[in-house]
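Secondary and tertiary structure notes
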Amino acid sequence: MSETLILGIETSCDETAAAVVADGNKMHSNIIASQIDDHCKFGGVVPEIASRKHLEIINDVMAQALAEAGITFADLSAIAVTHGPGLVGALLVGVNAAKTLAYALDKPLVAVNHIFSHVAANFLVHDIEFPAVCLVVSGGHTSLLYMTSRFDAVLLGATRDDAAGEAFDKVARVLGLGYPGGPAVDRVARDGDPAAFAFPRAFSGQDEVFNFSFSGLKSAVINTLHNLRQKNEDVNTADVAASFQHAVVEILVEKTRAAARAKQAQTVLLAGGVAANSLLRRRLAQALEQDGRRLLYPPMELCTDNAAMVAAAGYDLFKRQKFAGLDLNATPVLDINRHLSY
Ligand code: KG4
Ligand code: ZN
């Protein structure tokens, strides 16, 4: 039987990406053009610049993805594209490219939820035994899912305010570590004392057992820095970064461990940009190992935005014939529950 070849397209934020994936798990190409250099001088992603850069480069990125996979457009089984959540102008570039291809080639179009595509990055590198609990931690989202297959998932809890990655980015900014903040905090924290500051951990109680809140922690870090600076006291950046990171990781580990226990899931998946965090990987793996469970996560390059994960998630929609129409639009605000009910 011939392979199912899916072209994935991702333009939800500041990476223009296209990839070809066979049968939902074999990566034939994975092209990522990052715009980080265009945005870092502004301290964050500038939506207008992101859209323009996507537009300039999307055709080349798609052509490269096909060339590297050694196929032509005619060989594709379907086109999968991120339609949300994300920056509306940025999403529109990918959505319109995908719709144009689907129309011109007369191929099925599938619309992929960006948050769920992060989960699917794991499908590219692991054989997963279900049921599994998945912690999705990215720049815009923090959620815990219970999954009984690649496709079937229910939401156990999510952040009530800021996402974990957002907190990393804000704290990095006030510490003067630049953008993107997560990798910088991760690096600087290695030389710091995680017990130097006692930052608050929210929602440790029973009622909010699988929900998260990071805005109080973020404000506590900002206030601490403000007070130290007002008193002209030295700020030990490494200590602040280490104490903050320690607090975030402790919350994420505690809740993920509790979810895996409650659901008796032997497998735990980690997904999203913050899954690249070295302390989170280490501490979560240790905690789960003590409980006899297995932690799986994607390699670094598949944790942050890419299109191979979009093609992998798109494969399951394609198999279930969950096709999108040519009236597909960018959906900047899109709950993960929307994917769960496709
Ligand atoms: O998943 P992603 O590429 O974009 C979204 O869908 O949001 O995640 C980007 C986020 C940023 O907030 C970035 O600071 C964070 O992931 N991140 C990290 C690390 N690498 C990236 N956070 C903590 N530690 C890291 N090593
Ligand atoms: Zn992302």
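Residues numbered from 1 in each chain as written. Chains lettered and ligands numbered in written order. Predicted model: local features only at pLDDT ≥ 70, side-chain atom pairs only at ≥ 80, totals over all residues. Heavy atoms only, no water.

1. Brief notes about the layout of surface pockets
- The computed volume of the second largest pocket comes to approximately 170 Å³.
- Looking at the second largest pocket, the residues that line it are Asp186, Ala189, Arg190, Gly192, Pro194, Ala242, Gln245, His246, Ser278, Leu279, Arg282 and Arg283.
- Mapped onto the lining of the second largest pocket, the elements with two or more residues apiece are helix 6 (181–189), helix 8 (237–263) and helix 9 (278–290).
- Among the elements that take part in the lining of the second largest pocket, helix 9 stands out by supplying four residues, more than any other. (1 Å grid on protein atoms, 1.4 Å probe; cavity = no way out; pocket = protein on both sides within 12 Å on 5 of 7 lines; lining within 4 Å. Points joined across faces, edges and corners; volume = space filled by probe spheres on them. Helix = DSSP H or I, 4+ residues; strand = E, 2+ residues; numbered from the N terminus.)

2. With respect to the environment of Asp75
- Within the fold, Asp75 resides in the loop between helix 2 (47–69) and strand 4 (78–84).
- A polar side-chain atom of Asp75 sits 2.9 Å from the main-chain amide nitrogen of Thr72. (Polar contact = N/O pair within 3.5 Å; in protein donor to acceptor, adjacent residues only side chain to side chain.)

3. Structural notes on the site of ligand 1
- Taken together, the neighbourhood of ligand 1 is formed by 19 residues, with His118, Gly139, Asp169, Gly182 and Asp186 sitting nearest.
- One of the side-chain N or O atoms of His118 is found 2.9 Å from an oxygen atom in ligand 1.
- Taking Asp169, its side chain carries an N or O atom lying 2.7 Å from an oxygen atom of ligand 1.
- With the chains in place, 88% of the 550 Å² that ligand 1 exposes on its own is no longer accessible.
- Contributions of two or more residues to the shell around ligand 1 are made by helix 4 (114–120), helix 5 (164–174) and helix 6.
- A breakdown of the residues in the shell around ligand 1 according to their chemical character gives four nonpolar, twelve polar and three charged. (Near = heavy atom within 4 Å. Areas by Shrake-Rupley, 256 points an atom, 1.4 Å probe, with all protein chains shown as cover. Nonpolar A, V, L, I, M, F, W, Y, C, P; charged D, E, K, R; others polar.)

4. Structural notes on the coordination of the zinc ion (ligand 2)
- Here the zinc ion (ligand 2) is held by His114 (NE2), His118 (NE2) and Asp305 (OD), and the distances to it run 2.0 to 2.1 Å.
- The sequence motif formed by the donor residues of the zinc ion (ligand 2) is H-x3-H-x186-D. You can see His118 sitting in helix 4 and its partner Asp305 sitting in the loop between helix 10 (300–303) and helix 11 (308–319), a full 187 residues away along the chain. (Donors = N, O, S within 2.8 Å, 3.2 Å for Na, K, Ca; no water.)

5. Re the pairing of strand 2 (residues 15–22)
- When you tally the buried positions in strand 2, you get eight out of eight residues, the bulk of the element.
- Covered by surrounding structure in strand 2 are Glu15, Ala17, Ala19 and Val21 together with Thr16, Ala18, Val20 and Ala22, the residues of both alternating faces.
- Where strand 1 (residues 5–10) folds back on strand 2, the antiparallel hairpin that results is connected by four residues.
- Two strands pair when backbone bridges link them, and strand 2 and strand 3 (residues 26–34) are joined in this way by eight bridges, in the antiparallel orientation. In the sheet register, Thr16 faces strand 3, and the bridge partner there is Ala33.
- Joining the antiparallel neighbours strand 2 and strand 3 is a turn of three residues, in which Asp23 adopts a positive phi near 50°. (Buried < 20%, exposed > 50% of the residue type's maximum accessible area, 1.4 Å probe, protein only. Pairing = 2+ DSSP bridges.)

6. What to know about unusual backbone geometry
- Residue Pro85 is reached from Gly84 by a cis peptide bond, and omega for that bond is -5°.
- As for its position among the elements, Pro85 is in the loop between strand 4 and helix 3 (88–105).
- A cis geometry characterises the amide bond from Phe130 onward to Pro131, with omega recorded as 5°.
- Mapped onto the fold, Pro131 is located in the loop between helix 4 and strand 6 (132–137).
- The backbone phi angle of Asp106 is positive, close to 55°, even though this residue is not glycine.
- Positive phi, close to 50°, is recorded for Gln264, a residue that is not glycine.
- Within the element layout of this structure, Gln264 appears in the loop between helix 8 and strand 9 (267–271).
- Judged by its relative accessible area of 64%, Gln264 is exposed.

7. Quick look at the sheet that holds strand 9
- Strand order in the open sheet formed by five strands is 8-7-6-9-10, with mixed pairing between adjacent strands. At either end of the open sheet lies a strand with only one pairing partner, and these are strand 8 (153–158) and strand 10 (294–296). The mean inter-strand angle of the sheet, taken between neighbouring strand axes irrespective of direction, is 25°.
- Bridging between strand 6 and strand 9 involves five bridges; their strand directions are parallel. By the bridge assignment, Val133 is partnered in strand 9 with Val268.
- Where helix 8 meets the sheet, it contacts strand 6, strand 7 (142–147), strand 8 and strand 9, and its direction lies at approximately 160° from that of strand 6. (Axes fitted to C-alpha atoms, helices over the stretch in contact; angles between N-to-C directions. Contact = heavy atoms within 4.5 Å.)

Geometric values such as these leave the question of function open.
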